[in-house]
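This is what each chain is made of:
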Amino acid sequence: QVQLVESGGGSVQAGGSLRLSCAASGYTYSRYCMGWFRQAPGKEREGVATIDSDGTTAYANSVKGRFTISVDNAKKILYLQMNSLKPEDTAMYYCAADPYPYGGTWPVYPENFESWGQGTQVTVSS
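Notes on the structure in this doc start here. Since the model is a prediction, treat every value here as computed from it, not as a measurement.

## Comments concerning the overall build of the protein
The secondary structure content of the protein amounts to zero helices and 11 strands. The helix and strand sequence of the protein, counted from the amino end, reads β-β-β-β-β-β-β-β-β-β-β. Taken over C-alpha atoms, the radius of gyration comes to 13 Å for the protein, in line with the 14 Å a tight globule of 126 residues would show. Along the first, second and third principal axes, the C-alpha atoms of the protein reach 40 × 25 × 25 Å.

## Quick look at the sheet that holds strand β8 (residues 77–82)
Taken in spatial order, the four strands make up an open sheet running β1-β3-β8-β7, and their pairing is antiparallel. With partners counted over all chains shown, the strands left at the sheet margins are β1 (2–7) and β7 (67–72), one partner each. The average angle at which neighbouring strand axes cross in this sheet is 15°, direction not considered.

## Topic: the pattern of salt bridges
Tallying each qualifying case throughout the model produces three salt bridges. As a salt-bridge pair, Glu46 and Arg38 come within 2.9 Å of each other at their nearest N and O atoms. Judged by relative accessible area, which is 35%, Glu46 ranks as partly exposed. Of the charged contacts in the structure, one is a salt bridge between Arg38 and Asp89, with a shortest N-O distance of 2.9 Å. You can see Arg38 sitting in strand β4 (residues 33–39) and its partner Asp89 sitting in the loop between β8 and β9 (91–98), a full 51 residues away along the chain. Both residues of the pair, Arg38 and Asp89, belong to the buried class.

## Structural notes on the nonpolar core
Ranked by internal contacts, the top residues of the largest apolar core, which has 29 residues, are Trp36, Leu80, Met82 and Tyr93. Of all the elements in the fold, those that place two or more residues in this core are β1, β3 (18–26), β4, β5 (46–52), β7, β8, β9 and β11 (120–125). Not counting residues up to four positions away in its chain, the partners in contact with Met82 are Gly16, Ser17, Leu18, Leu20, Arg66, Phe67, Tyr93 and Val122. Counting residues in each nonpolar core, the second largest holds six residues, with Cys33, Tyr102, Val108 and Phe113 among its members.

Basis of the calculations
- Residues numbered from 1 in each chain as written.
- Predicted model: local features only at pLDDT ≥ 70, side-chain atom pairs only at ≥ 80, totals over all residues.
- Heavy atoms only, no water.
- Helix = DSSP H or I, 4+ residues; strand = E, 2+ residues; numbered from the N terminus.
- Rg over C-alpha atoms; globule rule 2.2 N^0.38 Å.
- Pairing = 2+ DSSP bridges.
- Axes fitted to C-alpha atoms, helices over the stretch in contact; angles between N-to-C directions.
- Salt bridge = Lys/Arg side-chain N within 4 Å of Asp/Glu carboxyl O.
- Buried < 20%, exposed > 50% of the residue type's maximum accessible area, 1.4 Å probe, protein only.
- Core = buried A, V, L, I, M, F, W, Y, C linked by side-chain atoms within 4.5 Å.
- Contact = heavy atoms within 4.5 Å.

Quick look at the structure:
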């Protein structure tokens, strides 16, 4: 199974930026979808962005134009660049991996991903 470890979370004021990282180790896939999800207290875990092994990306409407997902295949690190952060972005953020590419479809569901990181907290203040 793929091991995933997130880092880069923290506290930031509205309008600020953060970059999250997710390092993969152990067994890794040649074809994949990797994604970022988030969960706020009292809410369902929701998809934020995905990237396939061929470079295809997809985003939730709430983050389009503000967040960018990318991957460094040589280093096996997934990134989420978050700009123009809003208080409603406050959540625990998780990275996930699956051997099946999504092809840019949306929405994306947590139950379709087989490997998960431990999460990193993002807090955005007004």
